[in-house]
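Chain by chain, the residues run as shown.
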Amino acid sequence: MNPSSNILSDVEISGTIKFTGELTFDGQLRDGDIIGEILVVGPKARIQGNIQAAALTLHGSVTGDVLVTGRCELKGSASLTGSLTTNRLAMDEGATLIGKAEITPDTKGRTLPPPAPSAPGNTPPKR
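Residues numbered from 1 in each chain as written. Predicted model: local features only at pLDDT ≥ 70, side-chain atom pairs only at ≥ 80, totals over all residues. Heavy atoms only, no water.

### As for the pattern of salt bridges
Then comes step 1: What the rule picks out here adds up to two salt bridges.
Then comes step 2: As a salt-bridge pair, Glu73 and Arg71 come within 3.5 Å of each other at their nearest N and O atoms.
Then comes step 3: Measuring nitrogen to oxygen at the nearest pair gives 2.9 Å for the salt bridge that ties Glu73 to Lys75.
Then comes step 4: A residue is classified by how much of its surface remains accessible, and Lys75, at 22% relative accessible area, is partly exposed.
Then comes step 5: A single salt-bridge network, built from bridges that share partners, covers Arg71, Glu73 and Lys75. (Salt bridge = Lys/Arg side-chain N within 4 Å of Asp/Glu carboxyl O. Buried < 20%, exposed > 50% of the residue type's maximum accessible area, 1.4 Å probe, protein only.)

See below:
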């Protein structure tokens, strides 16, 4: 049996999470990635970063690129803004996908491209 971990809604992380087994993530992630095997993103989760997993069940919000080598489920409360590459996709009524979706059996061995470096002077103005 694979280990299982939970990150609750009162947790905020800036950086990358790597895990094995199953992870239920219901917190906040900024400026990083989540990389692992079986990922469940809870309804209170807000992720600003990329996801790379063998299987994904998304209930919350992701802004970033997602690569799933197996099955990707976007539940009714899910919101994904970015690109999605997966082997299989199940999308419930009410789920939102804004961006590009590529559903292909050839996801094994793929990785997400590195983030593009921001050009000097291209940072948004501070308020």
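After presenting the structure, the write-up continues.
### Let's talk about the confidence of the model for the protein
Then comes step 1: Across the protein, the average pLDDT comes to 87, with 81% of residues at or above 70.
Then comes step 2: Every residue in residues 118-127 scores below 50 in pLDDT, and together they form zero contacts with partners more than four places removed in sequence or on other chains. (pLDDT = per-residue confidence, 0-100. Contact = heavy atoms within 4.5 Å.)

### Notes on the side chain of Thr86
Then comes step 1: Secondary-structure assignment places Thr86 in strand S10 (residues 84-91).
Then comes step 2: On the accessibility criterion, Thr86 (0% relative accessible area) is buried.
Then comes step 3: Separated by 3.4 Å, the side chain of Thr86 and the backbone oxygen of Val68 make a polar contact. (Helix = DSSP H or I, 4+ residues; strand = E, 2+ residues; numbered from the N terminus. Polar contact = N/O pair within 3.5 Å; in protein donor to acceptor, adjacent residues only side chain to side chain.)

### Digging into the nonpolar core
Then comes step 1: Phe25, Ile34, Leu39 and Ile51 are the most contacted members of the largest nonpolar core, which totals 24 residues.
Then comes step 2: Elements that contribute at least two residues to this core include exactly strand S4 (22-25), strand S5 (28-41), strand S6 (46-58) and strand S8 (66-74).
Then comes step 3: The leading source of residues in this core is S6, at five residues. (Core = buried A, V, L, I, M, F, W, Y, C linked by side-chain atoms within 4.5 Å.)

### Regarding the pairing of S4
Then comes step 1: Only one face of S4 is covered, namely the one carrying Leu23 and Phe25; the face carrying Glu22 and Thr24 has none of its residues buried.
Then comes step 2: Direction of pairing for strand S1 (residues 4-7) relative to S4: parallel, over a ladder of four bridges. Bridge pairing links Ile7 to Phe25 in S4.
Then comes step 3: In this sheet, S5 lies alongside S4 in parallel orientation, the contact comprising four bridges. By the bridge assignment for S5, Leu23 is matched with Leu39. (Pairing = 2+ DSSP bridges.)

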